[in-house]
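# Fold and geometry: a report
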Amino acid sequence: MQHARSNNDASGAVEFGTTVLTVNNRLARTIAAAHGQAMQARGHSAWQTPEVLPFSAFVMREWGLLQENQGSGHSGAHSSTDGSTAGSGLPRLLSAAQCQVLWQRAVRESAADGLLSLPAAISSARAARELLLRHQTSLNAAACHEQIDALAFLRWHARYEALLREGNWIDVAGATSALAAHVRAGSSPALPARIRMSGFELVTAQQQTLLDAYQSVGVDIRHDAPRQVTSELLRVEFSAPQDELQTMARWARALLDAGESGPIGIVLPDLETRLDAVEACFEDRLHPSPDVRMRPELSARIFNITLGRELLQMPVVASALASLQFLLPSVDSQCVGTVALSEYFADASAERTQRLALDLRLREAGVRTIRLGHLARVARAERAQSLSQRIVDVVELAPSPRARQSLAAHAQCFAQALNVLGWPAGRTLGSVEYQAVEALRAQLEALATMDSVSEPCGTAAALSMLQRLVAEAVFQPRTAPAPVQILGVLEAAGMRFSKLWIGAMDDSQWPPVETPNALLPSAFQREHAMPGA
């Protein structure tokens, strides 16, 4: 079906009754903020929050509404990847973490494949499934042309879908296809007056099918049309990437000094690989005060970097995970040092000297691992009385080494252990640190929800699962609006700037090279015009 093009309200307001679907979280927050500013400009002191959310979040919400409407005890249908239905009861939507566990089960059952890297195989398999669903196609043995990797994927995928059917579950990729059938059947409990697509350069076949389903039941579908602007273009060459980086920072500084309010955009295709260097350069030029560089929350930030970091890189999170090793019979001395030197535990400031002496004593003795009872005694000998007692309390809390219990029970135990150790009570947290703490707690909650797709396990296995969840989590803290925005190419989709610098545009970065999926046959990917094919 043909969908209308929409020229946005120039003020930034979202029309009442409109659900705006965006290509990413960043654009959703920007549109919501622009709506608030428009309402204030019109003299409103209060207004209804507009519905602005990423496409995948919309699918998850709509599926949840379907579940609430039908109820788990009502007759329904299990939806396969093509949107057809079978069985009874609306499938329960799984989280990304729960799907990861199912993929592990599906792949591990094919032990004869001799995998070198289970995580890499699972990542490629998940991506391959999503590609098939986005392009609304399927792969069979004939199309594999006896390629070992492709045939292995067929076995893994068949087992994964069997596990979904057995548990009456569905993942987000499958729900996107299945939702269209429910919308056409009139099962959706509440329909928006209109859906506005924003920031999408390309709408996949799967997304288009869902939009067509909404349009077939009377929902007005619109796509944001790019706003026509007149601008001056200037091409500048540099002999080295660092020279360009320094010039970009000076350019942004000069614009701000001249009164430019922004947003000033800086888009870097290689931002992920140069994140630390970019941040250090702009900190030096835009935040010269040492206090602001060390503790950004002490001052309003002049620039924001929208690319997220691994949650595990946050010191407050790394110290918490290290401390959870105290639930095991023995602990690595490096983890002991992380906890002893961390400022995020109770009495860290009062016992700073004693805890430093504890870490130094273990290092000088060449200790690699130490049993917890012995560690408590050594801490007491170094007069780190609070830490010593807290270690004893954690040992009493820890399950038996041979005990196997649910992940929900493990998650509760982990939360109690952190509380016993006084995390994160060492000092007042800044905004970014507080958000990191909340993000870790969210991962503990995610761990607790995985019981339905996993079996009881020991503490070491549960800790490993939590560490994997945290390692895969991307942490992108919410910060106050800043006049300078530094983004990657994907994050810049749909954004508008008063001034824009697109950097690192050499032949090694642009056009970006897309890699085909390793588990799908190359000819098959070319036939279906998949990315990188």
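Residues numbered from 1 in each chain as written. Predicted model: local features only at pLDDT ≥ 70, side-chain atom pairs only at ≥ 80, totals over all residues. Heavy atoms only, no water.

## Points about the overall build of the protein
Keep this limit in mind: Strands here mean DSSP runs of E at least two residues long; helices mean DSSP runs of H or I at least four residues long; both are numbered from the N terminus. We compute the radius of gyration from the C-alpha atoms alone; for a globule the expected value is 2.2 Å times N to the 0.38, where N is the number of residues. The criterion used for residue contact is that any of the two residues' heavy atoms lie within 4.5 Å. Method for areas: the Shrake-Rupley scheme with a 1.4 Å probe, in which residue coverage is limited to the protein chains shown. Note on charges: Lys and Arg go in the positive column, Asp and Glu in the negative column, and His and the chain ends are not counted at all. By convention, the charge on Lys lies at NZ, on Arg at CZ, on Asp at CG and on Glu at CD.
Counting its regular elements, the protein contains 20 helices and 17 strands. The C-alpha radius of gyration of the protein comes to 26 Å, within 12% of the 24 Å expected for a compact globule of 533 residues. Considering only C-alpha atoms, the protein reaches an extent of 75 × 65 × 50 Å along its principal axes. Put simply, of all contacts in the protein between residues at least 6 apart along the chain, 76% involve residues at least 24 apart. For the protein, the accessible surface area stands at approximately 27200 Å², while carbon and sulfur atoms represent 51% of it. The protein carries 47 positive and 53 negative side-chain charges, and their two centres are separated by 4 Å.

## Some words on the side chain of Glu244
Just so we agree on the cut-off: Only protein chains enter the area calculation, which uses a 1.4 Å probe; residues under 20% of their type maximum are buried, those over 50% are exposed, and those in between are partly exposed. Counted as salt bridges are all cases of a side-chain nitrogen of Lys or Arg within 4 Å of a carboxyl oxygen of Asp or Glu.
Mapped onto the fold, Glu244 is located in helix α9 (residues 241-257). Of the buried charged residues, Glu244 lacks a salt bridge, with Arg274 as the closest side chain of opposite charge at 4.6 Å. What Glu244 contacts, discounting residues up to four positions off in sequence, is Phe238, Trp501, Ile502, Gly503 and Ala504.

## Side note on the side chain of Asn24
In plain terms, the rule: Pairs of N or O atoms within 3.5 Å make up the polar contacts considered here, provided that, within protein, one atom can donate a hydrogen while the other can accept it, and that residues adjacent in sequence are counted only when both atoms are side-chain atoms.
By the secondary structure assignment, Asn24 is in the loop between β2 (18-22) and α1 (25-41). A distance of 2.7 Å separates the side chain of Asn24 from the backbone nitrogen of Leu27, its partner in a polar contact. A polar contact of 3.1 Å, which involves the side chain of Asn24, links it to the backbone oxygen of Leu490. If near-sequence neighbours (up to four positions away) are discounted, Asn24 is found in contact with Pro54, Leu490, Glu491 and Ala493.

## Some points on the packing of aromatic side chains
Put simply, the rule is: Paired rings are identified among Phe, Tyr and Trp, the last through its six-membered ring, by centres lying within 6.5 Å, and are further divided according to the angle between planes into stacked (under 30 degrees), edge-to-face (over 60) and tilted (the rest).
A complete count under the given rule lists six aromatic pairs for this structure. The interplanar angle of 75 degrees and the centroid separation of 6.2 Å between the aromatic rings of Phe55 and Phe200 together place this pair among those described as edge-to-face. Note that Phe55 is positioned in helix α2 (residues 55-70) and Phe200 in the loop between β8 (194-198) and α8 (205-216), a separation of 145 residues in sequence. Across the pair, exposure class does not vary: Phe55 and Phe200 are buried alike.

## Concerning the packing of helix α12 (residues 315-324) against helix α19 (residues 459-472)
Counted only if it meets this: Note on definitions: angles span 0 to 180 degrees between N-to-C directions of axes, and those axes are lines fitted to C-alpha atoms, for helices only across the stretch in contact. These descriptions rest on fixed angle ranges, namely under 35 degrees for roughly parallel, over 145 for roughly antiparallel, 65 to 115 for roughly perpendicular, and the rest for oblique. Ten residues, namely Ala, Val, Leu, Ile, Met, Phe, Trp, Tyr, Cys and Pro, are considered nonpolar, four, namely Asp, Glu, Lys and Arg, are considered charged, and the remaining ones, Gly among them, are considered polar.
One way to put it is that α12 packs onto α19 with a least axis distance of 11 Å and a crossing angle of 170 degrees. Between α12 and α19, the crossing angle belongs to the class labelled roughly antiparallel. Taking contact as the criterion, the partners of Val317, Leu321 and Leu324 in α12 are, on α19, Leu463, Leu466 and Val470. Considered class by class, the residues forming the contact of α12 with α19 number six nonpolar, no polar and no charged.

## Description of the confidence of the model for the protein
Definition in use: The predictor attaches a confidence to each residue, and that confidence, scored 0 to 100, is pLDDT.
Overall, the predicted model of the protein reaches an average pLDDT of 87, with 91% of residues at or above 70. Segment residues 72-87 is flagged for pLDDT under 50; beyond a separation of four residues in sequence, or across chains, it makes 38 contacts in the model. Scored below 50 in pLDDT, residues 291-299 shows 12 contacts in the model against residues more than four places distant or in partner chains.

## Here we look at the pattern of salt bridges
Under the definition given, this model contains 22 salt bridges. Across the pair Arg61 and Glu51 runs a salt bridge, and its minimum N-O distance is 2.8 Å. Of the two residues, Arg61 sits in helix α2 while Glu51 sits in strand β3 (residues 51-54), which places them 10 residues apart along the sequence. Owing to a relative accessible area of 28%, Arg61 belongs among the partly exposed residues under this scheme.

## As for the sheet that holds strand β10 (residues 264-267)
Let me state the cut-off plainly: Between any two strands, pairing holds if DSSP finds at least two bridges.
Pairing within the open sheet is parallel, and its four strands lie in the order β11-β16-β10-β17. Because the sheet does not close on itself, it has two edges, and the strands there are β11 (303-305) and β17 (499-502). Taken over all neighbouring pairs, the strand axes of this sheet differ in orientation by 15 degrees on average, direction set aside. Where helix α10 (residues 275-286) meets the sheet, it contacts β10, β11 and β16 (484-487), and its direction lies at approximately 175 degrees from that of β11.

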